[in-house]
Amino acid sequence: MPQKVDKLFINAHVLCMDEDYSAFENGAVAIIGDHIHAVGDAAALEKTVTPTEVIDCAGKVLMPGLVNAHTHVPMNLLRGLGDDLRLDVWLLGYIMPVEREFVNPEFVHLGTSLACAELIRSGVTSFADMYYFEDQVAEAAAEAGLRAVCCQTILKFPSPDADSYQDALAASEKMIKKWKGHPLITPAVAPHAPYTSTVDILESATAMAQKYDVPLHIHIAETAQEVEDSLAAMDMPVVPYVERFGVFNSKVIAAHCVHIDEREMHTLEKYGVGVAHNPTSNLKLSSGIANINRMLDLGINVGIGTDGVSSNNDLDMFEEIRLAALLAKGSSGNPTVVPARTAITMATSMGARSIHLGEETGSIEIGKKADLILVDINTLHNSPHFRNDPNSIYAQLVYAAKSTDVTDVMVNGQWLMRSRELLTIDPEKLIIRAQALAKEIDTFLIERLQSVYTKLIAVGGAEEQESYEVQVKVKVDDPQRVVQMIQESDLDILYYRHYHEYDTYFKFDDPGEGWLRYREDEFIDDKGEVENIRYRLTLIGPQREKHFPQDVLLSRSRFIAPAPHSLRFYREYFKPSDETYIEKDRRRWKVCFHEIEFFINVDRLDEPDLGTFLEVKSRTWSQEDAEKKAQIADDLLRLLGSSPQKIETKDYVQIIETKP
Ligand SMILES: [Zn+2]
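All figures in this text were calculated on a predicted structure; none of them were measured in a lab.

Things to note about the overall build of the chain
At step 1: Secondary structure assignment for the chain yields 21 helices and 28 strands.
At step 2: Projected onto its principal axes, the C-alpha positions of the chain cover 115 × 50 × 50 Å.
At step 3: Across the 660 residues that make up the chain, the buried fraction comes to 57%.
At step 4: Put simply, of all contacts in the chain between residues at least 6 apart along the chain, 71% involve residues at least 24 apart.

Laid out in structure tokens, this is it:
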């Protein structure tokens, strides 16, 4: 008696993507419920089953749905926000400020639904995600009917959904308990990356992944900088550092692995770590090219991912598969590496293994979940085709086919797309909501990025320091004598400091923006050695000078912020129109003179080489106070035996700018 089945695909070119690469040019696949009941030649299989629904697949490839091994689906709402920027400028200057302001459960749900529509259209049936409010990713993915590994992000600093990493860990556990056992959703934990984790995060996340037997998703060695930093701080590259805390004893999905060496690859292989290769993202952010060919040789399960659309800018897996094959060839100088069939394997069966869903999905095999797609291979750009070589069908899919050739998508035995019509999602409505949100984000960013000051606030806060400054400056020919006079005077010296200062002044087209100074202060100890380094940004507002008989009183606003990022970062973020570099050796005394605190600076300008200047300074909040101090500053200068040849600030600036 023929077996009753729910669905029977006939007349399909079936690519099973099983271990033997079984294929049937006129094949059939029978589905019962959520799983594959039978696969084989259409003529033979049709006789053994009684189907409720028959799907004629003439002219189409029937293959396992694609697996997107690494993405951040809610970021679909941030598509095209800050392109052509370096990773840190993009992330710290644009994405993170917007995420802090806008990311909430509703944002995550909307972004995920939008992404699911795009994933289904490009033939994806499973994806591994990592984001905030991951519970909402799971909700939206389940609504869309997609299979997903939903990994809750854990960071060592506050994130949009957690004030502390302990909160993020608790949210992960809650999500795991809620979704564990769901037919489509595999909940998991995601310590974002080793450099954004503490040891406690790595160990706790691993313990949780092991306790609940769920995957652990992490970014590994994405950039060369990450490896350099790891070597500098830990004296070892990223993989052995992570291994040390037992992380690989869980089911790890390691995204990127661009900068890992042979030994690290062996480690990944030994622990069965799945690698998610993200060719477009790695190219777009200029991270490098992962040596997937070598990883594949060693037997590592390498999947393919799109990463978030912010660094891609789409979720088109066909593009990624093609790039994975092309990049491996282009970077190795060997066109035989990562052949088309391997590339398709990486996006199907091996991709499923890389995200630890290999038992359920990724291939057309009896008992596996019915996660299938149909691809029309009779379109113009797919024609003609040859079949003398069994591998040519894979080559056609990799090098010629496009995501728009996907006509039908099924997950867990349920249709998500039929004849290119989405059945579980209405993308039109989502697009309208996404565009409305984009408008809000535009307004927010335009406000944030309108001036140097607001940009400084956006990237890490600033504190207003002082508004009036008394400053008298003279050139000195014999610095030693000045120092001696300070020491021998009966001035009340409060403290003495010695620095080397490296200042880069950013200037802007609009002089109203003021100057932004990036200062590296090296504190020099008694032995003349660098004791400590401090990096600071100071935004110096445009100055208004007021002249007294001989002194200069400056009135200007100053905002001071710590500068944790590189000079290069700030240059690319603030985009100054011009720069001036000044290097000086500064000896500074804080003294009390006529009950007023003054700084006496003896500055030797090394770059540009301009000799030594003596400067007397005092800071105050009120103009009246400043005027009083200006007179006393003059007396102080005279006490130090200086000639009255004072240099006004604007002249000093000019001296520096017209370097000898
Ligand atoms: Zn990522």
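So that's the structure; there's more coming.
As for the packing of aromatic side chains
At step 1: Counting across every chain of the model gives 15 aromatic pairs.
At step 2: Both rings, one in Y131 and one in Y132, keep their centres 4.8 Å apart while their planes meet at 50°; by these two values the pair is tilted.
At step 3: Accessibility expressed as a relative area gives 3% for Y131, which makes it buried.
At step 4: Taking the relative accessible area as the measure of exposure, Y132 reaches 8% and is therefore buried.
At step 5: With centroids separated by 5.0 Å and ring planes inclined at 80°, the aromatic side chains of Y241 and F245 adopt a geometry described as edge-to-face. The residues Y241 and F245 share a single accessibility class, namely buried.
At step 6: The structure contains a cluster of three or more aromatic residues connected by ring pairs, namely Y518, Y535, F569, Y570, Y573 and F574.
At step 7: One residue, R497, lies across the ring of Y495, its end atom 4.0 Å from the ring centre.
At step 8: The ring of F599 carries the charged tip of R588 above its face, separated from the ring centre by 4.0 Å.

Quick look at unusual backbone geometry
At step 1: The amide bond that connects N312 to the next residue, N313, takes the cis arrangement and shows omega of 10°.
At step 2: As for its position among the elements, N313 is in the loop between β13 (302-304) and α12 (317-332).
At step 3: In the Ramachandran plot, N412 falls in the positive-phi region, its phi being about 55° despite a non-glycine side chain.
At step 4: Inspection of the secondary structure puts N412 in the loop between β15 (406-411) and β16 (414-418).
At step 5: Overall, the relative accessible area of 12% leaves N412 in the buried class.
At step 6: If you check the backbone angles, K575 has positive phi at about 45° while not being a glycine.
At step 7: The class of K575 is exposed, set by a relative accessible area of 51%.

Considering the coordination of the zinc ion
At step 1: Looking at the zinc ion, the protein donor atoms are H70 (NE2), H72 (NE2), H219 (NE2) and D307 (OD), and they sit 2.1 to 2.5 Å from it.
At step 2: Between the four donor atoms coordinating the zinc ion, the angles at the centre fall across 81 to 173°, so the site counts as irregular.
At step 3: When the donor residues of the zinc ion are listed from N- to C-terminus, their spacing reads H-x1-H-x146-H-x87-D. Accessibility assignment for this pair places H70 and H72 in one class, buried.

Some thoughts on a nonpolar patch on the surface
At step 1: There is a patch of nonpolar side chains on the surface, built from V530, I533 and Y535 and spanning about 240 Å² of accessible area.
At step 2: Turning to its location among the elements, V530 is positioned in strand β22 (residues 530-540).

Looking at the packing of α12 against helix α13 (residues 340-347)
At step 1: Packing of α12 against α13 leaves a shortest axis separation of 9 Å and a crossing angle of 135°. For the element pair α12 / α13, the angle class is oblique. Crossing of α12 against α13: the hand is right-handed. Seen from α12, the contacting residues are M317, I321 and A325; seen from α13, they are A343, I344 and A347.

A closer look at helix α9 (residues 262-271)
At step 1: Along α9, the residues that are buried comprise E264, M265, T267 and L268. One face of α9 carries all of its buried residues, which in axial projection span an arc of 155°. Opposite its buried face, α9 presents the exposed residues R263 and K270, each directed more than 90 degrees away.
At step 2: Next to the buried residues of α9 lie α8 (238-244), β12 (274-277) and α11 (292-297).
At step 3: The distance from a side-chain oxygen at the start of α9 to the backbone nitrogen of R263 is 3.2 Å, and the residue carrying that oxygen is D261.

Looking at the state of the cysteines
At step 1: Counting across every chain of the model gives zero disulfides.
At step 2: C57 supplies the cysteine sulfur nearest to C16, a cysteine that is in no disulfide, at a spacing of 13 Å.
At step 3: There is no disulfide at C150, and the cysteine sulfur nearest it, in C151, is 7.1 Å away.
At step 4: Here C150 falls in the buried class, since its relative accessible area comes to 0%.

Focus on the environment of V149
At step 1: Inspection of the secondary structure assignment puts V149 in strand β8 (residues 147-154).
At step 2: The class for V149 is buried, based on a relative accessible area of 0%.
At step 3: For the pair formed by V149 and Y271, sequence separation is 122 residues and the distance between their alpha carbons is 20 Å.
At step 4: Once residues within four sequence positions are removed from consideration, V149 is found in contact with F127, A128, D129, T186, A188, P215, I253, I355 and L357.

The rules behind these values
- Residue numbers run consecutively from 1 along every chain, following the written order of its sequence.
- The model is predicted, so local features are restricted to residues of pLDDT at least 70 and side-chain atom pairs to those at 80 or more, both for listing and for counting; the totals for chains, interfaces and linings are taken over all residues.
- Think of the side-chain values as coming from all heavy atoms in the structure, minus any hydrogens and water.
- Secondary structure elements follow DSSP: runs of H or I of four or more residues count as helices, runs of E of two or more count as strands, with numbering from the N terminus.
- For every residue, the accessible area (1.4 Å probe, protein chains only) is compared with the maximum for its type, and the residue is labelled buried under 20%, exposed over 50%, or partly exposed between those bounds.
- It only takes one pair of heavy atoms within 4.5 Å for two residues to be counted as in contact.
- Classification of ring pairs uses Phe, Tyr and Trp, with its six-membered ring standing for Trp, and accepts pairs whose centres are within 6.5 Å; under 30 degrees between planes counts as stacked, over 60 as edge-to-face, and the remaining range as tilted.
- A positively charged side chain is recorded as over a ring if its NZ (Lys) or CZ (Arg) lies within 6 Å of the ring centre. The angle to the ring normal must also be within 35 degrees.
- For Na, K and Ca the donor cut-off is 3.2 Å, while for other metals it is 2.8 Å, and in both cases only N, O and S atoms qualify; water is not among them, so sites may look incomplete.
- A four-donor site is classed as tetrahedral when every donor-metal-donor angle falls between 85 and 135 degrees; four donors are called square planar, and six octahedral, when trans pairs exceed 155 degrees and all remaining angles lie between 65 and 115, with any other arrangement labelled irregular.
- Only residues whose relative accessible area exceeds 30% and that take part in no salt bridge are eligible for patches, with like-charged residues grouped when within 9 Å of each other and nonpolar side chains (Val, Leu, Ile, Met, Phe, Trp, Tyr) grouped when within 5 Å.
- Per-residue and other accessible areas were derived by the Shrake-Rupley procedure at a 1.4 Å probe size, with only the shown protein chains allowed to occlude residues.
- Each salt bridge in this description consists of a side-chain nitrogen of Lys or Arg and a carboxyl oxygen of Asp or Glu lying within 4 Å of one another.
- Note on method: axes are straight lines fitted to C-alpha atoms, helices fitted across the in-contact stretch only, with angles between N-to-C directions ranging 0 to 180 degrees.
- In what follows, roughly perpendicular refers to angles from 65 to 115 degrees, roughly parallel to angles under 35, roughly antiparallel to angles over 145, and oblique to any angle outside these ranges.
- Crossings are classed by handedness, with left-handed meaning an anticlockwise turn of the near helix from the far one by less than a right angle and right-handed meaning a clockwise turn.
- Directions are taken from the helix axis to each C-beta atom, and the arc is the one they span.
- We call two N or O atoms a polar contact when they sit within 3.5 Å, provided that within protein one can donate a hydrogen and the other can accept it, with sequence-adjacent residues counted only if both atoms are side-chain atoms.
- Two cysteine sulfurs form a disulfide in these notes if their separation is within 2.5 Å.

These figures come from the coordinates and say nothing about function on their own.
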